[in-house]
Amino acid sequence: MNRKAAFRLTGVNVTVHESPKGSVPQQKEGSLLQGGPGDSCKSSELYAQEKVFTFNRVEIQVQPSVRVKNGAPMSIICHADIIKNTDFQLKHNFTFFKDGKLVFMTISDKKVAQYEIPVAKSSDTGDYECTVKVDGKLGFSNTTYVWVAGMTKPILTADKKEVLEGEIVKLRCELPEEVPPLVFFFRKIKTNSAPKEKRILEQNQNFSEMEYYVEAEDNILQFDCFGKRQVRSGWDSSQHSNKTLVTVKESFIKPTLITRPSNNITEGDPIEFECSTVVAQMRDIEIIFQKNRTILKSVRDKKFLKYSTVATQEDSGEYLCKVEQGAVSKTTKLNVFVSELFPKPTLFASMTELDENKDLSLNCSINGLRRANFSILRKSSSGDILLKKSRFLAIKVNVNDTGSYICKAEVKGIVKESKPVRISVYAPVSKPTLSVVSGSPEVVLGKPLQLICHSAMGTPPITFTFYKGNEMRKNVTNDTYATFLDEDIGLNDNGGYKCDARNNHSSGVKTSNILNVTVIVPIRGASLGSVPYGEVEVGSDTAFLCSVKEGSWPIDFKFFKKTDHEVLLHEVREYSDRTIWHKRTMKRKDTGTYYCMASNRASVDVRSHPITISVILAAWQKGVIAAFVLTAMAGAGAVALWWFLHKKKKAKGPSMEMSGSALAPNLTSEKLTRPPSDGNYYSGSGYIEDNENHMKSTDESKGPDLESAEVDYTEVEVSTLDPYRVTRPQSVGLRYMSATLKEKYPWRFIHHSNAHFNHSVSSEELRCHYGLVLKAAKPFRNLQKAPSRLK
């Protein structure tokens, strides 16, 4: 087996063919690239023995041209332009493609191959290309579009040459040698009329079939067909096929319609219609007789039909006789004129609108004719009600007599009816009642008000008129009631509402009572305050004031405390714009955030801004704690002082003890001989004017022994209290008095941004409660003169 090795040397494809083993020494692969003594000579000899070729180009041509007439011969030529290094023979494999599909293959020693198409058809239209394969190498041509113009002539056949009306003709149109998809067109050609065309698309076959119903009066029919196919440049059409002739026989003749005695008669005369035909085959034949769109009579499997009646003026018009068999239908028309025997009667009424219990007269007459049978009737949904067989009727009417009335006249069996006359009988309207649709005679400010005016009695239609004050606002015509919507509600609307009701009764207008509507002002601007504000002592009372800026009374006030959920503490209804809630004995757990909510009949809850209350210890509780702490501190100090003095006394010795004992009697006697102050007094640092203990030293008690002993001695003198100085007790009393008055008259001490109270305490109330101050300050008995200073 030959082996082939290819190298690319200086841009040239090189193919090496090696001989079989034993014939020529084998050249190692890649030896052309190796160096050494004598290698260049060997390479030249080997290069001269190689067969090298390459494709320059591959071309495709169409003969005679790229546009070929249908039926003409056509050739597709593929030419391979190959460059060789020497003259040697090659085998060429040619492959031809149309629209990407293989259509022809050949092997040749020549560089040219040809694909012959002896008879070109429209199906040969498409894109052609070719490929050439030589010794493993491939060459490709460009693509060329070939258009075979025209199509083969179609062939048309019919399954019948002679048919009856109503039968079916089956046609077949075929385009031989054409390839689908194809579009077929069938034509039905009648004498003196344009052809009727039908279109069918066939995707998978080159023929198509069509069925035609043979219609009435289709005497001689001709059919033909042609085909089309879509190409790149548009549509390509075939010639028309041969014409196929089909003869049609009548299944029945056109019907005949006659009248007896004639088609021009007078009302009351009898008239007879007869419709007949001649049938080839008595099968599924039907005769129908009709006037306009009304079928009067029909028969089956018969050759004639008869219809008789007494002529009236309404019988004038066009009559039609139709004969049908399967899909075939033939008709004949005839006009009939019936002369009027007498005109329609006319009904006259003395009045068409009248009050109940009034007299009504009805009169029926015929212009130019006096002798006839008259009757007067009232129309009803269940049938006409005969009132009287006469041309004249007089009755006293009531509301139930409202309706439409007619009269009938009969001459020679012909009955004619007059046009209806509408009679309306009116009962007077009752006094209307005016009310609010919602039920309650009140409306929220800014909301619409809907009123209803109703009359229990009265014949409709009734006209209702609404008034606001003395101003007319709306007119409504209805049966028994009407509604009115007032969207312009003001706070100062006066005069109330009323309505009128009237109908066509002569009694006139009835007026309702005046309806006064209360305007509810919604709550606006709720606020909450408290006394005291912010901090409250444990055990004391707190007054909460909730007020609103605007809102109709009564107002529902609710007080809440905010916790994990809303807690309702108090609620009350007030005929006022504010309310006070006293919360007794505040505790530490009452600390928190409070708010109030106000609402009225406007059904809108308005919430105030929250306030925060902190419950703190009372002053006396703080004093007890302070006293306890001070007592503890004083005890600790006294123990420390005693320990210090005791230790110092031991250090001074016995002489110090004797000096001290000698001085004691003098000090005692001096204290005992001091004159007492006038009046009672209360001593203590808390009630002395300057809050200081006056300390002064005395030299009179010093003796020589004391000086020699170096003992420090200090005498403490307590100042006598001025009995008429009441600065501190008065301050205490006023504070107590203020607290007492606040407890009894809390509202006199309330101050809030939305509520100002300017009440004052009378002098008698002040004297009464000042007595409590004196009891609280028992050590100051001289303060009983104080009330006189307050006058």
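Quick summary incoming for the structure in this document.

Of regular secondary structure, the protein possesses seven helices and 57 strands. For the protein, with 791 residues in total, the buried portion stands at 35%. Sequence separation of 24 or more characterises 61% of the internal contacts of the protein that already satisfy a separation of 6 or more. Accessible surface, the protein: about 48600 Å² in total, of which carbon and sulfur atoms supply 51%.

What follows deals with the sheet that holds strand β43 (residues 481–486). Reading across from one edge, β38-β40-β43 is the order of the three strands in this open sheet, with antiparallel pairing throughout. A single partner strand is all that each edge strand has here, and the edge strands are β38 (433–436) and β43. With direction set aside, neighbouring strand axes in the sheet form an average angle of 25 degrees. Two elements, β38 and strand β40 (residues 449–454), share four bridges in a ladder whose sense is antiparallel. When the bridges of β40 are listed, leucine 434 appears paired with cysteine 453.

What follows concerns the sheet that holds strand β52 (residues 578–583). Read across the open sheet, the three strands follow the order β47-β49-β52; overall the sheet is antiparallel. Looking at strand neighbours, the two that pair on one side only are β47 (524–531) and β52, the edges of this open sheet. Each neighbouring strand pair of the sheet contributes to a mean axis angle of 15 degrees, computed without reference to strand direction. With six bridges connecting them, strand β49 (residues 542–550) and β52 associate as antiparallel partners.

Attention shifts here to unusual backbone geometry. With an omega of 10 degrees, the peptide bond running from proline 180 to proline 181 counts as cis. By secondary structure assignment, the location of proline 181 is in the loop between β14 (168–174) and β15 (182–189). Here proline 460 and proline 461 are connected by a cis peptide whose omega angle stands at 0 degrees. Among the structural elements, proline 461 can be located in the loop between β40 and β41 (462–468). We note that asparagine 292 has phi near 55 degrees; this positive angle belongs to a residue other than glycine.

Bringing the side chain of lysine 188 into the picture now. Relative to the assigned elements, lysine 188 resides in strand β15. Apart from the residues lying within four places of it in its own chain, the contact partners of lysine 188 are Pro195, Lys196, Tyr212, Tyr213, Glu215, Asp218, Leu221, Gln222 and Phe223.

This part is about the state of the cysteines. Simply put, the disulfide is a covalent bond whose two ends are the sulfur atoms of two cysteines. This model, assessed by the stated rule, comprises six disulfides. Between cysteine 78 and cysteine 130 runs a disulfide, and the two sulfur atoms are separated by 2.0 Å. Disulfide cysteine 78-cysteine 130: torsion about the S-S bond near 70 degrees, hence right-handed. Linking cysteine 78 in strand β5 (residues 74–84) with cysteine 130 in strand β9 (residues 126–134), this pair joins segments that are 52 residues apart in sequence. Cysteine 130 carries the same exposure label as cysteine 78, and that label is buried. Between the sulfur atoms of cysteine 275 and its disulfide partner cysteine 321 the distance amounts to 1.2 Å. Because the sign of the S-S torsion sets the handedness, a value of about -65 degrees for the bond joining cysteine 275 and cysteine 321 places this disulfide among the left-handed ones. In this pair, cysteine 275 sits in strand β23 (residues 270–276) while cysteine 321 sits in strand β27 (residues 317–325), placing the two residues 46 residues apart along the sequence. Here the two residues cysteine 275 and cysteine 321 agree in accessibility, since each one is buried. The connectivity of the disulfide-linked cysteines in the protein, indexed sequentially, is 1-2, 3-4, 5-6, 7-8, 9-10, 11-12.

Scoring rules and cut-offs
Residues numbered from 1 in each chain as written. Predicted model: local features only at pLDDT ≥ 70, side-chain atom pairs only at ≥ 80, totals over all residues. Heavy atoms only, no water. Helix = DSSP H or I, 4+ residues; strand = E, 2+ residues; numbered from the N terminus. Buried < 20%, exposed > 50% of the residue type's maximum accessible area, 1.4 Å probe, protein only. Contact = heavy atoms within 4.5 Å. Areas by Shrake-Rupley, 256 points an atom, 1.4 Å probe, with all protein chains shown as cover. Pairing = 2+ DSSP bridges. Axes fitted to C-alpha atoms, helices over the stretch in contact; angles between N-to-C directions. Disulfide = S-S within 2.5 Å.

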